[in-house]
Amino acid sequence: MNTPKTDDFRLERRDDGLAVVFTPTGQTYTFAMGSDGALLEPTVSPAQTNAADYADGDIRKTATELARLAVSGSPRT
């Protein structure tokens, strides 16, 4: 099983938040911002291609961490 790398993702600013695209599959994790500025749970689009060599949980975890870093700008302590 492959582990997703940060280079496998593309971040896009959107009016209502942030989208993180997993480029090997085209799957998009769209994060809205809460009223307190925190990221809400993402809306996930279906994959456009099959990536059976990646675990969905690993992709989601990396996408969420990249979005959090993009918003906060600092690593979790």
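Refer to the structure above for everything that follows.
Residues numbered from 1 in each chain as written. Predicted model: local features only at pLDDT ≥ 70, side-chain atom pairs only at ≥ 80, totals over all residues. Heavy atoms only, no water.

J.: I keep staring at the overall build of the chain and nothing clicks. Help me out?
T.: A count of helical and extended segments in the chain gives one helix and four strands. Taken from N to C terminus, the helices and strands of the chain fall in the order β-β-β-β-α. The C-alpha atoms of the chain give 12 Å as radius of gyration, which agrees with the globular expectation for 77 residues (11 Å, within 12%). In terms of overall dimensions, the chain has a C-alpha envelope of 35 × 25 × 15 Å along the principal axes. The buried share of the chain, taken over its 77 residues, is 31%. By sequence separation, contacts in the chain at least 24 residues apart represent 37% of the contacts at least 6 residues apart. Surface summary for the chain: the accessible area is close to 5,000 Å², and the carbon and sulfur share equals 49%. Of the side-chain charges in the chain, 8 are positive and 11 negative, and the distance between the mean point of each set is 3 Å. (Helix = DSSP H or I, 4+ residues; strand = E, 2+ residues; numbered from the N terminus. Rg over C-alpha atoms; globule rule 2.2 N^0.38 Å. Buried < 20%, exposed > 50% of the residue type's maximum accessible area, 1.4 Å probe, protein only. Contact = heavy atoms within 4.5 Å. Areas by Shrake-Rupley, 256 points an atom, 1.4 Å probe, with all protein chains shown as cover. Lys, Arg positive; Asp, Glu negative; His and termini not counted. Charge placed at Lys NZ, Arg CZ, Asp CG, Glu CD.)

J.: When you look at the pairing of strand β1 (residues 9-14) in this model, what are you seeing that I'm missing?
T.: Strand residues, when the strand is regular, have side chains that alternate between the two faces of the sheet. One ladder, built from six bridges, connects β1 with strand β2 (residues 17-22); its direction is antiparallel. Counted as the bridge partner of R10 is V21 from β2. (Pairing = 2+ DSSP bridges.)

J.: Explain the pairing of β2 to me, please; I cannot follow it from the model alone.
T.: Counting buried positions over the six residues of β2 gives six, a clear majority of the element. Between β1 and β2, which pair antiparallel in sequence order, lie two residues. In the sheet, β2 pairs with strand β3 (residues 27-32) via six bridges, with the strands oriented antiparallel. Residue pairing for β3: A19 is matched across the bridge by T30.

J.: Quick question: what am I supposed to make of the packing of aromatic side chains here?
T.: Two descriptors summarise a pair of aromatic rings, namely the distance from one centre to the other and the angle between the planes of the rings. Using the criterion set out here, one finds two aromatic pairs in the structure. Arranged with centres 5.0 Å apart and planes meeting at 45 degrees, the rings of F9 and F22 form a pair that is tilted. Of this pair, F9 sits in strand β1 while F22 is found in strand β2, placing the two residues 13 residues apart along the sequence. Given a relative accessible area of 9%, F9 falls into the buried group. Relative to Y54, the ring of F22 lies with its centre 5.0 Å away and its plane at 85 degrees, an arrangement referred to as edge-to-face. Residue F22 is located in strand β2, and its partner Y54 is located in the loop between β4 (43-44) and α1 (56-72); the two are separated by 32 residues in the primary sequence. What links up through ring pairs into an aromatic cluster is the set F9, F22 and Y54. (Phe/Tyr/Trp six-rings, centres within 6.5 Å; stacked < 30°, edge-to-face > 60°.)

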